[in-house]
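Single-letter residue listing:
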Amino acid sequence: MPKARGRRVAGYGAALLLALVMVAPFLWMLSTALMDEFEVYQAPPPLLPASPRFANFTEALTALPFAVYFRNSLILAAATVVGQVATAAMAGYAFARHRFAGRTPLFAVYLGTLMIPGIALLVPRFLIVDAMGLVDTIAGLVSVELVAAWGIFLVRQYFLSLPRDMEDAARLDGASEWQVFWRVALPLARPALATVALFAFIDAWKALLWPLIIARSPDLRVVEAGVASFHGMYYANWPWQMAAAVAALVPVLLVFFVAQKAFLRGLAFGGFK
Amino acid sequence: MTRVHRRVAMATAVLWAVATIALSWRVLKGIDEAARSREALYRAHASQGHAPSPAFPPSIEASALASVQQEERPLIVHDPDGVELVTAPVKDADDWEIIGAVALYGRWRECALRVAAPAIAVLVVALVLLGSASAARWSRPGITALGGVVAAGAAAALTLSQLQAAAAALAPRLVVPPTLARLALPSPSLAFAALALVLLAAAGALAVSAVHWHAEAAGRPARVRETLAAWGFIAPSLAHLLVFTIAPVGFLVWISVHDWDLLASDRPFVGLAHFREIGADPSFWRALRNGLVYALYVPATMVAALAAALVLDQPLRGIKVLRVVVFLPYVASTVAIALVWQWLLHRDFGLLNAALAAVHLPRVDWLGNPATALPALMLVSAWGQLGYMMVVYLAGLQAIPASLLEAARLDGADAWQRFRLVVWPMLRPVSTYLLLTGIIWSFHGFTLVYVMTEGGPAHATDVLVYRIYQTAWEFRRFDVAAAMSVVLCALLLALTALQWRVVKGEPADA
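Residues numbered from 1 in each chain as written. Chains lettered and ligands numbered in written order. Predicted model: local features only at pLDDT ≥ 70, side-chain atom pairs only at ≥ 80, totals over all residues.

**Student:** Requested: an account of the overall build of chain B, with residues and values cited.
**Tutor:** Within chain B, the regular secondary structure consists of 20 helices and four strands. Taken across its 510 residues, chain B has 45% of its residues classed as buried. A separation of at least 24 residues holds for 69% of the contacts in chain B among residues at least 6 apart in sequence. (Helix = DSSP H or I, 4+ residues; strand = E, 2+ residues; numbered from the N terminus. Buried ≥ 20, exposed ≤ 12 C-beta atoms within 10 Å, placed from the backbone. Contact = placed C-beta atoms within 7 Å.)

**Student:** Run through the overall build of chain A, naming residues and quoting values.
**Tutor:** Scanning chain A from terminus to terminus reveals 14 helices and zero strands. In chain A, the succession of helices and strands from N to C terminus is α-α-α-α-α-α-α-α-α-α-α-α-α-α. In terms of overall size, chain A is more extended than a compact globule, its C-alpha atoms giving a radius of gyration of 24 Å where 273 residues would be expected to give roughly 19 Å. By principal-axis analysis of the C-alpha atoms, chain A measures approximately 75 × 70 × 35 Å. When the 273 residues of chain A are sorted by exposure, 49% land in the buried category. (Rg over C-alpha atoms; globule rule 2.2 N^0.38 Å.)

**Student:** Describe in detail the interface of chain B and chain A, supporting the description with residues and values.
**Tutor:** Facing 88 residues of chain B, the contacting portion of chain A comprises 84 residues. Here the side of chain B that touches chain A takes 20 residues from helix H7 (residues 221-256) of chain B, the largest share from any one element. The residue makeup of the side of chain B that touches chain A, split by class, is 71 nonpolar, 16 polar and one charged. (Nonpolar A, V, L, I, M, F, W, Y, C, P; charged D, E, K, R; others polar.)

**Student:** Describe helix H19 (residues 464-473) of chain B, listing the residues and the values that go with them.
**Tutor:** With eight of ten residues buried, H19 of chain B lies mostly within the body of the structure. What H19 of chain B keeps buried is the set Leu464, Val465, Tyr466, Arg467, Ile468, Tyr469, Thr471 and Ala472 of chain B. Where H19 of chain B is buried, its residues meet helix H5 (122-131) and helix H11 (209-214) of chain A together with helix H9 (282-295), helix H18 (447-453) and helix H20 (478-502) of chain B.

**Student:** I'd like to hear about the domain arrangement of chain B, residue by residue, with values.
**Tutor:** All names here are of chain B. Domain assignment breaks chain B into domain 1 (3-271) and domain 2 (282-502). Of the residues lining the interface, ten residues belong to domain 1; the matching set on domain 2 comes to nine residues. When residues of the side of domain 1 that touches domain 2 are assigned to their parent elements, the largest contribution, four residues, is made by H7. In the side of domain 1 that touches domain 2, the residues fall into six nonpolar, two polar and two charged. (Domains from an automatic or database assignment.)

**Student:** I'd like to hear about unusual backbone geometry, residue by residue, with values.
**Tutor:** Residues and elements named next belong to chain B. Its identity as a non-glycine residue notwithstanding, His360 has a phi of 60 degrees, on the positive side. Tracing the chain through its elements places His360 in the loop between helix H14 (351-358) and helix H15 (370-398). Given 6 C-beta atoms within a 10 Å radius, His360 is considered exposed. Positive phi, close to 60 degrees, is recorded for Arg476, a residue that is not glycine.

**Student:** Give a description of the packing of helix H3 (residues 66-97) of chain A against helix H7 (residues 149-160) of chain A that names residues and reports values.
**Tutor:** All names here are of chain A. Contact geometry of H3 with H7 gives a least axis separation of 7 Å together with a crossing angle of 45 degrees. In terms of axis orientation, H3 runs oblique to H7. Like other packed secondary-structure pairs, H3 and H7 cross with a definite hand, here right-handed. Along the contact surface, H3 presents Gln84, Ala88, Ala89, Ala91, Gly92, Tyr93, Phe95, Ala96 and Arg97, while H7 presents Gly151, Ile152, Leu154, Val155, Arg156, Phe159 and Leu160. Class assignment of the residues belonging to the contact of H3 with H7 gives a composition of eleven nonpolar, three polar and two charged. (Axes fitted to C-alpha atoms, helices over the stretch in contact; angles between N-to-C directions. Parallel < 35°, antiparallel > 145°, perpendicular 65-115°, else oblique. Left-handed = near helix turned anticlockwise from the far one by under 90°.)

**Student:** Hey, could you go over the environment of Val487 of chain B for me, with residue numbers and the actual values?
**Tutor:** One can find Val487 of chain B in helix H20. Expressed as a C-alpha distance, the spacing of Val487 of chain B and Leu288 of chain B, which sit 199 residues apart in the sequence, is 9.7 Å.

**Student:** Could you give an account of the packing of helix H2 (residues 55-63) of chain A against helix H13 (residues 238-258) of chain A, naming the residues involved and the relevant values?
**Tutor:** All names here are of chain A. The interhelical angle for the contact between H2 and H13, taken along N-to-C directions, is 85 degrees, at an axis separation of 8 Å. What the angle tells us is that H2 and H13 run roughly perpendicular. Mapping the contact onto sequence places Asn56, Phe57, Glu59, Ala60, Leu61 and Ala63 in H2 and Pro239, Trp240, Ala243, Ala244 and Ala247 in H13. Here the contact of H2 with H13 is built from residues that sort into nine nonpolar, one polar and one charged.

**Student:** Describe the confidence of the model for chain A, with residues and values.
**Tutor:** Taken residue by residue, chain A gives an average pLDDT of 88. The fraction at 70 or more is 97%. Ranking the elements of chain A by mean pLDDT puts helix H14 (residues 260-268) of chain A last, at 79, and H3 of chain A first, at 95. (pLDDT = per-residue confidence, 0-100.)

**Student:** For the nonpolar core, give the residues involved together with the corresponding values.
**Tutor:** Formed by 190 residues in total, the largest nonpolar core has its most connected members in Val155 and Ala245 of chain A together with Ala336 of chain B. Split by domain, this core shows at least three residues from each of two domains, domain 1 (3-271) and domain 2 (282-502) of chain B. When near neighbours in sequence (up to four residues on either side) are disregarded, Ala245 of chain A contacts Met29 and Val227 of chain A together with Ala336, Leu339 and Val340 of chain B. (Core = buried A, V, L, I, M, F, W, Y, C linked by C-beta atoms within 7 Å.)

**Student:** Explain helix H17 (residues 415-442) of chain B to me, using residue names and the numbers behind them.
**Tutor:** All names here are of chain B. Taking 1.5 Å per residue as the helical rise, H17 with its 28 residues ought to reach 40 Å, whereas the 33 Å between its terminal C-alpha atoms falls clearly short. Considering bend angle alone, the principal kink of H17 is centred on Trp424 and spans about 50 degrees; proline Pro425 follows within four residues of it. Among all positions of H17, only Val423, Leu427, Leu434, Gly438, Ile439 and Ile440 are buried. On its buried side, H17 packs onto H9, helix H10 (297-312), H15 and H20. (Expected span 1.5 Å × (residues − 1). Bend = angle between axes of the 7 residues up to and from the residue.)

Structure (structure tokens):
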């Protein structure tokens with residue numbers, strides 16, 4: 001069937017083109033990051049460095065204290081992951097498994113918060129954090145994203161799809177509510193928690209606006225803000241900028257490649273908030 | 001609304017009324033001591049010298065006010081209904097110049113009515129909304145609950161702003177007794193008093209229901225145990241949501257109708273002045289329009305994604321790799337993406353212009369030209385979203401039963417007819433979802449603008465979020481930024497409500 005074959009060729013062609021379009025900017029980033037500072041100023045530009053210059057990475061990452069920025073980003077990401085996973089696990093479990101007084105109105109309130117666009121709350125959130133005296137502190141940096149209503153609904157949904165026999169059995173054996181949650185339910189929910197953790201990590205790593213307004217001193221800067229200000233300082237040195245950009249990508253890409261499965265599961269749940 | 005909810009609503013409203021009246025009584029008592037007259041204040045806001053003079057109730061004779069200002073002491077006048085009013089002159093913050101006058105209701109009852117009644121009315125609405133949301137009588141409890149929360153915040157803000165107005169207007173004129181001085185708190189703490197009141201109201205409502213519930217469930221220890229455990233599990237997230245999501249909504253509205261100068265000690269109520277200010281500011285409208293134009297990349301990308309999905313919808317080897325690759329732009333750091341695209345779009349040495357030159361097309365100053373800067377950002381966003389949309393469409397296509405397409409084929413439908421009559425109707429829900437979430441998401445965009453153009457050139461890429469950022473954290477106008485945020489919030493809420501209406505079967509059970 002020549003028609004089906006033509007379609008297949010078109011399919012492979014489109015797939016290849018799409019993959020190229022998606023990957024090309026990243027490859028270009030990497031290629032430029034290995035070029036000499038003045039090598040890039042040619043027309044037409046060379047696609048590959050004449051000889052790869054790995055020193056760009058060490059030079060760019062020490063031109064500003066990127067080690068500090070990475071530490072801050074990791075703290076932010078870790079706190080966000082821990083906070084969102086813990087609260088999502090607990091609240092999602094309670095909403096899915098417990099029948100308790102006040103559940104319905106509470107659930108309605110949680111649904112309502114899902115609607116509120118956080119981006120519009122920058123000013124009051126900032127002033128509240130300011131009033132707590134947490135502007136320009138690590139606590140202020142991590143404070144606002146410690147809970148994600150989205151994750152709570154994901155965990156709840158996941159628990160609803162699981163049978164509750166094991167939990168009931170544990171209860172009959174005399175386990176306390178906390179033991180049932182910690183020993184029985186939590187291990188079962190691991191896939192859902194992995195999804196929450198992954199999205200929490202990605203979002204925290206990519207966050208720019210909140211860190212920008214809350215962290216004033218340079219030693220509280222996160223990587224995103226650091227690369228952005230690096231961009232302003234070394235405007236003409238594209239290899240250095242690209243090297244910094246590549247460095248900023250590495251952790252989050254690593255996490256993504258390790259946790260693809262969790263990513264696709266989150267996607268199926270409408271992960272793009 | 002169940003009977004329990006109605007009782008809780010009533011009890012909370014009564015508590016609120018008592019609290020409000022007690023508060024206004026304290027204000028009145030302070031005024032009483034200072035001015036030796038039993039008056040309440042009528043809308044005496046905005047009299048602190050740097051704000052426009054208050055609008056007096058039209059019922060008060062202008063001449064009476066003039067004489068008050070002249071005589072520099074309180075005078076008793078009557079409005080056309082014969083209600084006794086006491087007018088008092090208001091001096092500026094230095095207690096030097098008389099800058100206006102306030103009219104006070106002569107009787108305590110009228111004051112209470114005017115100060116407390118509107119707030120209580122709003123509160124009752126809030127509680128009814130929350131109650132009916134919890135009773136799930138309305139199909140969308142989330143929206144109703146949100147309305148309730150917003151209304152409760154508004155009630156708190158309303159009460160406090162009126163009390164503050166009362167205290168602030170008289171403070172400079174009169175010898176301030178200690179009680180009044182304590183009440184005329186500096187505004188930051190007042191804002192947080194509003195926050196505290198919201199939390200207090202919530203706690204009060206909870207306490208009332210808890211007592212009620214306890215009486216009901218007294219004979220069932222297992223149920224008590226389960227409820228306590230569940231509330232324990234929920235408490236951490238609830239506390240966070242209250243402080244960082246729910247309270248800020250009310251606080252945001254409060255800031256937007258007050259002056260919020262970081263240096264000034266008072267934050268007078270200014271009504272809609274900030275909204276008028278942004279309404280008269282062409283750069284705000286420019287940002288709003290830019291945002292709407294920018295959002296057009298969503299439908300454009302959807303078309304491309306659908307086309308790609310249609311071509312790829314067949315058993316191809318290696319498609320799984322593609323499915324991972326297309327998410328790179330979403331996962332990757334946005335600043336890094338902004339940088340590489342800025343480099344790709346570079347006027348003199350960018351790869352894109354080199355490609356244009358290779359086919360003898362003129363070079364374009366993508367980010368430096370007001371005409372192309374916004375389209376350039378749209379291009380970057382489209383690149384970022386294309387793969388995600390394609391994957392969603394692919395999943396949608398694979399969910400279409402093959403038998404349906406086969407039947408259409410047997411009926412003699414050609415490829416275009418099959419697409420139009422079978423495929424597209426099946427993809428409609430997915431498309432609506434992509435369109436609405438995409439547009440909502442497009443209004444969140446900040447990083448690209450911040451890194452690539454800083455809103456320029458000539459405001460060509462200024463969007464609302466960037467305007468808010470600049471207004472608050474560069475120009476230090478938190479109040480104006482709050483007014484803009486209210487507009488943005490309303491816009492996004494409307495879009496989200498639309499999305500929830502369209503996407504049925506969201507997690508709206510419970």
